[in-house]
Amino acid sequence: MTAQETFQVRVVKKHAEAEGIASFELARVDGAPLPPFSAGSHIDVHLPHGQNGGLVRQYSLCNASHELHRYRIAVLRDAASRGGSMAMHDSVHEGDVVTISTPRNHFPLHPAQRTLLLAGGIGVTPLLCMADRLARTGADFALHYCTRSAERTAFTAEIAASAMAPHVHFHFDAGPPEQKLDLAAVLAAPGSDQRVYVCGPAGFIDHVVNTAKAMGWPQDRIHLEYFGAPPQDTSGDQAFEVLIASTGKAYTIAADTSVVEALRCEGIDILTSCEQGVCGTCITRVLEGEVDHRDMYLTDEEKAGNEQFMPCCSRARSKVLVLDL
C-alpha cells in the first residue's frame, strides 16, 4: 500500500463554533487551488511536533464540495481522546502550516429519491457537506441534527442562513420532549429509493442502524461512518503467530500487543492512520488463518470473506495468520 499523497496548508482561520468545538479553515501555502473532493470526504491531518507530534488523525470536510480555495474541518475537544483533539485545540493556531493528505471518500453520497441524514454531535461534519450538495441540486432530503444542547451545537447560524435551512431539524437532549428525535417516525415506511446516512458516536450510530433495520430498511440503503471505535473486551486475548508470506518468517503477537505494533518492532512497517479500525488505511490481505475482526470499517460480508483485516486492532482466532506482506 502506498502512502497517501500529502501537501502543506496554512490555517487561515480558527473559529470557536460551539462549546468545545473549533473549526479550522485551510488553504494551500502556495495559493493554488486545492484538490477536488466530494461530499463525505475526509483528510488526514498530521499533528504538529511536540507532546502529540507524529499523530495522524482523520477529519471530515464540512464545507461545500464545489469550493477549491479552502478545506474546512471541525474538531470536538475530547478529554477522553488519545491526544489528537487536544493537540488541534491547543497547538494549532491561525497562521500555522500543517501537513494534510489529499481527500479520500469512504462515505460517498449516492443518488436517491429521498435522503435522510442523521447526525450525532460532531458527526454532523460530513453530513453538512452532503446537505449542501443536496440543497444545491434541489434534492428531497432531511437532516436531523442531534446534540446535547444548543450551546454544544456547531454551525447553527450558518445553517439558518443557508439553502439547507428548511430541511434541517435540531434535536437537543436538554430540550423539551416535543423537539427530541422520534427515530421510529423518521425511519418509518422506507421507500424503494430512499437512503439513510448516519455519523456520530458509536452508540448513536448503532441505535440508528438497529432501528432502520427493524423498520425494514435494506442493508445497502444504510450508510454510516464511525468517528471512533467502541471499547473492546480484551480480557480473553491470547498470543498468536503471524507469518509474512514474502519472507516466510513468523512473528509472535503477544496478547497485549497489536499486529501493527509487533511487526513495527521487527522493522516491518504497515501504513496506519487512526489505529482504531475506523479509517481503513492499514487494510492487509490475509492468505491463511481465521481473523477475529474488531474494526468498524469492513462490511459484514467482507469480514465473513476472511480475505482482509485491520492489523491495527483485529487479531486471530486461529493460531497462525499468513499475511500478504
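For the structure, check the block above.
All figures in this text were calculated on a predicted structure; none of them were measured in a lab. (Residues numbered from 1 in each chain as written. Predicted model: local features only at pLDDT ≥ 70, side-chain atom pairs only at ≥ 80, totals over all residues. Heavy atoms only, no water.)

Trainee: Before we move on, can you summarise the overall build of the protein with the specific residues and values?
Mentor: In terms of helices and strands, the protein carries seven helices and 18 strands. Since a compact globule built from 325 residues should have a radius of gyration of about 20 Å, the 21 Å found for the protein is in line with a globular shape. Considering only C-alpha atoms, the protein reaches an extent of 60 × 50 × 35 Å along its principal axes. Sorting the 325 residues of the protein into buried and exposed places 46% on the buried side. For the protein, the share of sequence-separated contacts (at least 6 apart) that also reach a separation of at least 24 residues comes to 66%. Carbon and sulfur atoms make up 49% of the accessible area of the protein, which totals about 15400 Å². Counting 27 positive and 39 negative side-chain charges, the protein places the centres of these two groups 2 Å from one another. (Helix = DSSP H or I, 4+ residues; strand = E, 2+ residues; numbered from the N terminus. Rg over C-alpha atoms; globule rule 2.2 N^0.38 Å. Buried < 20%, exposed > 50% of the residue type's maximum accessible area, 1.4 Å probe, protein only. Contact = heavy atoms within 4.5 Å. Areas by Shrake-Rupley, 256 points an atom, 1.4 Å probe, with all protein chains shown as cover. Lys, Arg positive; Asp, Glu negative; His and termini not counted. Charge placed at Lys NZ, Arg CZ, Asp CG, Glu CD.)

Trainee: Give me the lowdown on the pairing of strand β12 (residues 240-244), citing residues and values where you can.
Mentor: Residue alternation in β12 divides its side chains into a buried set, Phe 240, Val 242 and Ile 244, and an unburied set, Glu 241 and Leu 243. In sequence, β12 turns back onto strand β13 (residues 250-253) through a hairpin of five residues, with Gly 248 there showing a positive phi of about 80°. One ladder, built from four bridges, connects β12 with strand β18 (residues 320-323); its direction is parallel. From the neighbouring strand, Ile 244 faces β18, where its bridge partner is Leu 323. (Pairing = 2+ DSSP bridges.)

Trainee: Describe the sheet that holds strand β11 (residues 222-226), and please don't skip the residues or the numbers.
Mentor: Strands sit in the order β9-β8-β7-β10-β11 across an open sheet of five strands; the sheet is parallel. Each edge of the open sheet carries a strand with a single partner, namely β9 (168-172) and β11. Between one strand and the next, the sheet's axes are offset by a mean angle of 15°, whatever the strand orientation. Sheet topology note: the strand β10 (residues 194-200)/β11 ladder contains five bridges and is parallel. (Axes fitted to C-alpha atoms, helices over the stretch in contact; angles between N-to-C directions.)

Trainee: Can you break down the sheet that holds β13 residue by residue, with the values?
Mentor: Taken in spatial order, the five strands of this open sheet run β13-β12-β18-β14-β16, and their pairing is mixed. Here the strands that pair on one side only, and so sit at the sheet edges, are β13 and β16 (308-309). Where β12 meets β13, four bridges bridge the pair, whose relative direction is antiparallel. Residue Glu 241 lies in a different strand from β13, and its bridge partner there is Thr 252.

Trainee: An account of unusual backbone geometry is requested, with residue identities and associated values reported.
Mentor: The phi torsion at Ala 189 lies on the positive side, around 50°, for a residue other than glycine. Tracing the backbone through its elements, the reader meets Ala 189 in the loop between α4 (183-186) and β10. Positive phi, close to 60°, is recorded for Asn 306, a residue that is not glycine. The class of Asn 306 is partly exposed, set by a relative accessible area of 21%.

Trainee: Before we move on, could you go through helix α1 (residues 84-91) and cite the residues and values that matter?
Mentor: Within the span of α1, buried status applies to Gly 84, Ser 85, Ala 87, Met 88 and His 89. On its buried side, α1 packs onto β1 (6-18), β2 (21-28), β3 (42-46), β4 (56-60) and β5 (71-76).

Trainee: Residues and numbers for the pattern of salt bridges, please.
Mentor: With the rule as written, the count across this model stands at 15 salt bridges. Of the charged contacts, one joins Arg 28 and Asp 30 as a salt bridge, the two residues approaching to 3.2 Å between their closest N and O atoms. What makes Asp 30 exposed here is its relative accessible area of 55%. Between Arg 72 and Glu 158 there is a salt bridge; the shortest N-O distance is 2.8 Å. In this pair, Arg 72 sits in strand β5 while Glu 158 sits in helix α3 (residues 156-160), placing the two residues 86 residues apart along the sequence. A single salt-bridge network, built from bridges that share partners, covers Asp 237, Asp 292, Arg 294, Arg 315 and Arg 317. (Salt bridge = Lys/Arg side-chain N within 4 Å of Asp/Glu carboxyl O.)

Trainee: Explain the pairing of β10 to me, using residue names and the numbers behind them.
Mentor: When you tally the buried positions in β10, you get seven out of seven residues, the bulk of the element. Covered by surrounding structure in β10 are Gln 194, Val 196, Val 198 and Gly 200 together with Arg 195, Tyr 197 and Cys 199, the residues of both alternating faces. In the sheet, strand β7 (residues 114-120) pairs with β10 via six bridges, with the strands oriented parallel. Looking at β10, one finds that Leu 118 is bridged to Val 198. Handedness of the crossover joining β10 and β11 through helix α5 (residues 202-214): right-handed. (Right-handed = clockwise from strand over helix to strand, strands pointing away.)

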